[in-house]
Amino acid sequence: MKVNLATRKKRLYIPYEKSKSIVGFLLILPWLIGCIWLFIIPFFNTIRYSFNDVKLGLGSLEMNWIGLDNYVESFTGDPKFLSILNDTIYRLWYQVITVIVFSCFFALVMNGEYKGRLLVRGICFLPVIIASGVIIQIFTRSNITNNMLSGSPTSTMFQGVEFGTLLLEMGLPIGFVNILMRIINDLFSLVWRSGVQTLLLLGGLQSVPRTVYEAADVEGATSWEKFWKITFPLISPTFLLCCFYSVIDLSNDSSHLFVQYIQDLTTAMNWSYASTIANYWFLIIIALIILIFLLLRKRVFYMEDMS
């Protein structure tokens, strides 16, 4: 009897590291199922649809193989494709830069020592709460707020037409004025989208050891020098993460002409060509992320490098 109990206990024993692995797998299992069901399967279906002529049949989709016809059509027979693509990429890059700049500014302000700091952090976190719930649906049903969030020309509250005319009269290059005016017109929506990045950068700022700043003060470093020699290098991994997040987040913005074009094709039940355009957009976003990584990877400094 004693031998059987000892054998049973030995069989039930699970090493600590293995038990942690099992618990970790169980915790990510719901996300894994959702990722496979809601992302991976639709992603491969989108690729499959782009190579077929998709029609709505009786209770199912009917597909006829057409090969690369949709991809050839986008460059040779679609007059909208290249113009919309150029405009969207042009708008995306300055939006990402603007959001990152605003996020860094807000994070530095919230990281300071002053009264009411908690209130300021709560206000900056409001866009994250509202944009992820039912409130944003009610908020965006208003025509006024819709124009404000999308930068529509029908909204004059957040546009500086007179300011743009003044800049042109001052002799500034029209390309620079156009970029600046676009940023001004999109100012409300870009600030609205800076909440998550601000919180990430704030966490990075708070992880910087105070002893490093104290040593810099002893050496007589200025605030400008401390930012570029200490603060920015130590938050550079978080900065890179914010760049990735901003590209992915802003690429799904429905105000982009390219995204609207995909939505219009889907509404018109042209699923085959809509899938082709969506695949192009996916590849462009992946290419932008790789480009950002290649440009910034040599400037990323990890805390472990100090040891």
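Residues numbered from 1 in each chain as written. Predicted model: local features only at pLDDT ≥ 70, side-chain atom pairs only at ≥ 80, totals over all residues. Heavy atoms only, no water.

On to the overall build of the chain. The secondary structure content of the chain amounts to 15 helices and two strands. Burial status across the chain gives 31% buried among its 307 residues. If you take every contact in the chain between residues at least 6 apart in sequence, the share linking residues at least 24 apart comes to 67%. Total accessible area computed for the chain in this model is approximately 20,100 Å², and 68% of it derives from carbon and sulfur atoms. (Helix = DSSP H or I, 4+ residues; strand = E, 2+ residues; numbered from the N terminus. Buried < 20%, exposed > 50% of the residue type's maximum accessible area, 1.4 Å probe, protein only. Contact = heavy atoms within 4.5 Å. Areas by Shrake-Rupley, 256 points an atom, 1.4 Å probe, with all protein chains shown as cover.)

Here we come to the pairing of strand E1 (residues 52–56). For E1 and strand E2 (residues 61–65), the ladder comprises five bridges, and the chain directions are antiparallel. Of the residues in E2, the one forming a bridge with Leu56 is Leu61. (Pairing = 2+ DSSP bridges.)

On to the nonpolar core. Ranked by internal contacts, the top residues of the largest apolar core, which has 40 residues, are Phe258, Ile277 and Trp281. Elements supplying a minimum of two residues to this core: helix H4 (79–110), helix H11 (195–206), helix H12 (210–218), helix H13 (223–251), helix H14 (257–267) and helix H15 (271–296). Here this core takes ten residues from H13, the largest share from any one element. Beyond its immediate stretch of four places on either side in the chain, Phe258 contacts Phe81, Ile84, Leu85, Thr88, Ile277 and Trp281. (Core = buried A, V, L, I, M, F, W, Y, C linked by side-chain atoms within 4.5 Å.)

Scanning the model with the defined rule gives two salt bridges in all. Of the charged contacts in the structure, one is a salt bridge between Lys20 and Glu17, with a shortest N-O distance of 4.0 Å. One end of the pair, Lys20, and the other, Glu17, are both in helix H2 (residues 16–50), three residues apart, so they sit about a helical turn from each other. Its relative accessible area of 42% is what places Lys20 among the partly exposed residues. When its relative accessible area of 54% is taken as the criterion, Glu17 is described as exposed. A salt bridge links Asp217 to Lys226; the shortest N-O distance between them is 2.8 Å. Residue classification places Asp217 among the partly exposed residues on the basis of a relative accessible area of 45%. You can call Lys226 buried: its relative accessible area is 17%. (Salt bridge = Lys/Arg side-chain N within 4 Å of Asp/Glu carboxyl O.)

With that out of the way, let us pick up the packing of aromatic side chains. A full pass over the atoms with the stated rule returns 21 aromatic pairs. Consider the rings of Phe43 and Phe44, whose centres lie 5.5 Å apart with planes at 70°: the pair is edge-to-face. When its relative accessible area of 53% is taken as the criterion, Phe44 is described as exposed. Residues Phe75 and Phe81 carry aromatic rings whose centres are separated by 5.3 Å and whose planes lie at 75° to one another, so their mutual orientation is edge-to-face. Taking relative accessible area as the criterion, Phe75 reaches 48% and is therefore assigned partly exposed. For Phe81, a relative accessible area of 1% corresponds to the buried category. Cluster of aromatic residues (ring-pair linked, three or more members): Phe51, Trp65, Tyr71, Phe75, Phe81, Phe258, Tyr280 and Trp281. (Phe/Tyr/Trp six-rings, centres within 6.5 Å; stacked < 30°, edge-to-face > 60°.)

Turning to the packing of helix H3 (residues 69–76) against H15, a few remarks are in order. Running from N to C, H3 and H15 cross one another at 75°; their axes reach a closest spacing of 9 Å. Taken together, H3 and H15 sit at an angle that is classed as roughly perpendicular. Contacts between H3 and H15 involve Asn70, Tyr71, Glu73, Ser74 and Phe75 from the first element and Ser272, Tyr273, Thr276, Ile277, Asn279 and Tyr280 from the second. For the contact of H3 with H15, the per-class residue count stands at five nonpolar, five polar and one charged. (Axes fitted to C-alpha atoms, helices over the stretch in contact; angles between N-to-C directions. Parallel < 35°, antiparallel > 145°, perpendicular 65-115°, else oblique. Nonpolar A, V, L, I, M, F, W, Y, C, P; charged D, E, K, R; others polar.)

The next thing to look at is the confidence of the model for the chain. Looking at the chain, the pLDDT average stands at 79 and 78% of residues meet or exceed 70. pLDDT under 50 marks residues 148–159. Its contacts with residues more than four places away, or in other chains, come to 25 contacts. (pLDDT = per-residue confidence, 0-100.)

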